[in-house]
Amino acid sequence: MSPIDASPGGAPPAPAAPPSAAPASSQAPRSTDPREPPRTSRREAALIAASVTAVVAVAVSIAFDPARAGAPGMLAAVGAPYAVLGAATVMWLRRRGELRAALRPLSGDLARGALVAALLYGVAMAVQMVIAPRGSPREAWLLRLYLQLGDPSADARVFVGALVFVVAALEELVWRGLVMRALEGPLGQVPAWLLSSALFALAHLPTLFLLGDPVAGPNPLLVAAGFGCSIVWGRVVHRTGRLPPALFAHAFFSWAIVSFPIWRP
């Protein structure tokens, strides 16, 4: 008996249904990689960069007012806003799923940071000898800066150095962990690196006049150092892919400038 005769009524069996097509959504390529953090929008990046720059500029204006020269509240005026901005940075990185990767410490971070800080300290000493040598009117720029920080030979200098270390680490967390990272979304890595460095220098623009001298004129030291050092610290973040080496580099450099002054009366 043929297979056709085996079916009821002698009718041929119905053809097998074609395999159902997979849902279109399962075949469409994924638009984003869930392992990658979301790209910051242009509006969010601009808001973050402008807000941080404005807050820091106001804090710098208060801290470097000549009326606060050597006063305990001088560093507190900078440290308090950075503590708030640092907490906001940690929350922002955590929300984006980047906190652990960005702040993950590795062996050698301390040594890398110390090496970069030592190189920058040497550059600072060389620049000081060129642009503000002993006996020149521009020596007053360094005098005004260290007068603002207080007596380098005072007994409490060790506590000032420790506070500067902490504030500098918070600065790096905010500017490289928040501002530069936010700007990378709409601008890309290199433009964000350069722009965040320029904004860091811009935030210190009030010191151009607050630490100026009637003879030497406006004081460009912190503005120029802010831009140049930010270029280096941003590059460290790009090379390592993490923040700790740059945090240590920034903190050690600032601590050394205060604890081992490149200029003394």
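Thresholds, definitions, all that
Residues numbered from 1 in each chain as written. Predicted model: local features only at pLDDT ≥ 70, side-chain atom pairs only at ≥ 80, totals over all residues. Heavy atoms only, no water. Phe/Tyr/Trp six-rings, centres within 6.5 Å; stacked < 30°, edge-to-face > 60°. Helix = DSSP H or I, 4+ residues; strand = E, 2+ residues; numbered from the N terminus. Buried < 20%, exposed > 50% of the residue type's maximum accessible area, 1.4 Å probe, protein only. 1 Å grid on protein atoms, 1.4 Å probe; cavity = no way out; pocket = protein on both sides within 12 Å on 5 of 7 lines; lining within 4 Å. Points joined across faces, edges and corners; volume = space filled by probe spheres on them. Salt bridge = Lys/Arg side-chain N within 4 Å of Asp/Glu carboxyl O. Axes fitted to C-alpha atoms, helices over the stretch in contact; angles between N-to-C directions. Parallel < 35°, antiparallel > 145°, perpendicular 65-115°, else oblique. Left-handed = near helix turned anticlockwise from the far one by under 90°. Contact = heavy atoms within 4.5 Å. pLDDT = per-residue confidence, 0-100.

Caption draft 1: Just the packing of aromatic side chains, in detail. The final tally for this structure, using the stated rule, is five aromatic pairs. Taken together, a centroid distance of 5.4 Å and an interplanar angle of 75° make the contact between F165 and F252 edge-to-face. In this pair, F165 is assigned in helix 8 (residues 157-187) and F252 in helix 12 (residues 244-259), connecting sequence segments 87 residues apart. Judged by its relative accessible area of 24%, F165 is partly exposed. For F252, a relative accessible area of 22% gives the class partly exposed. Aromatic ring contacts, followed pair by pair, group F165, F248 and F252 into a single cluster.

Caption draft 2: Just the layout of surface pockets, in detail. Of the volumes computed, that of the largest pocket is approximately 890 Å³. In terms of lining, the largest pocket is formed by 39 residues, of which the most central are L145, L222, A225, F253 and I257. Those elements giving two or more residues to the lining of the largest pocket turn out to be helix 3 (42-63), helix 4 (73-95), helix 6 (109-131), helix 7 (139-149), helix 8, helix 11 (221-240) and helix 12. Ranked by residues supplied to the lining of the largest pocket, first place goes to helix 11 with eight residues.

Caption draft 3: Geometry of the pattern of salt bridges. Evaluated as defined, the whole model comprises eight salt bridges. Notably, a salt bridge pairs R181 with E98, separated by 3.1 Å at the nearest N-O pair. Residue R181 is located in helix 8, and its partner E98 is located in the loop between helix 4 and helix 5 (99-103); the two are separated by 83 residues in the primary sequence. Of the two residues, R181 and E98, neither departs from the other in class, the shared state being buried. In the salt-bridge network here, residues are joined through shared partners; they are R96, E98 and R181.

Caption draft 4: Spotlight on the packing of helix 3 against helix 9 (residues 189-203). Running from amino to carboxyl end, helix 3 crosses helix 9 at an angle of 30°, the nearest separation of the two axes being 8 Å. When the axis of helix 3 is compared with that of helix 9, the two are roughly parallel. Here helix 3 runs over helix 9; the crossing is right-handed. In this structure, helix 3 uses A49, T53, V56, A57 and V60 to contact helix 9, whose residues at the interface are L199, L202 and A203.

Caption draft 5: Helix 7, seen in detail. Summarising burial for helix 7: eight of the 11 residues are buried, a large majority. Downstream of helix 7 by a residue or two, G150 has a phi angle that is positive, lying close to 110°.

Caption draft 6: Up close: the confidence of the model for the protein. Mean pLDDT over the protein works out to 86, with 84% of the residues at or above the 70 mark. Note that residues 1-11 has pLDDT below 50 and, in this model, five contacts with residues that lie over four places away or in other chains. Taken together, the stretch residues 14-35 has pLDDT below 50 and engages in one contact with residues farther than four places along the chain or on a different chain.

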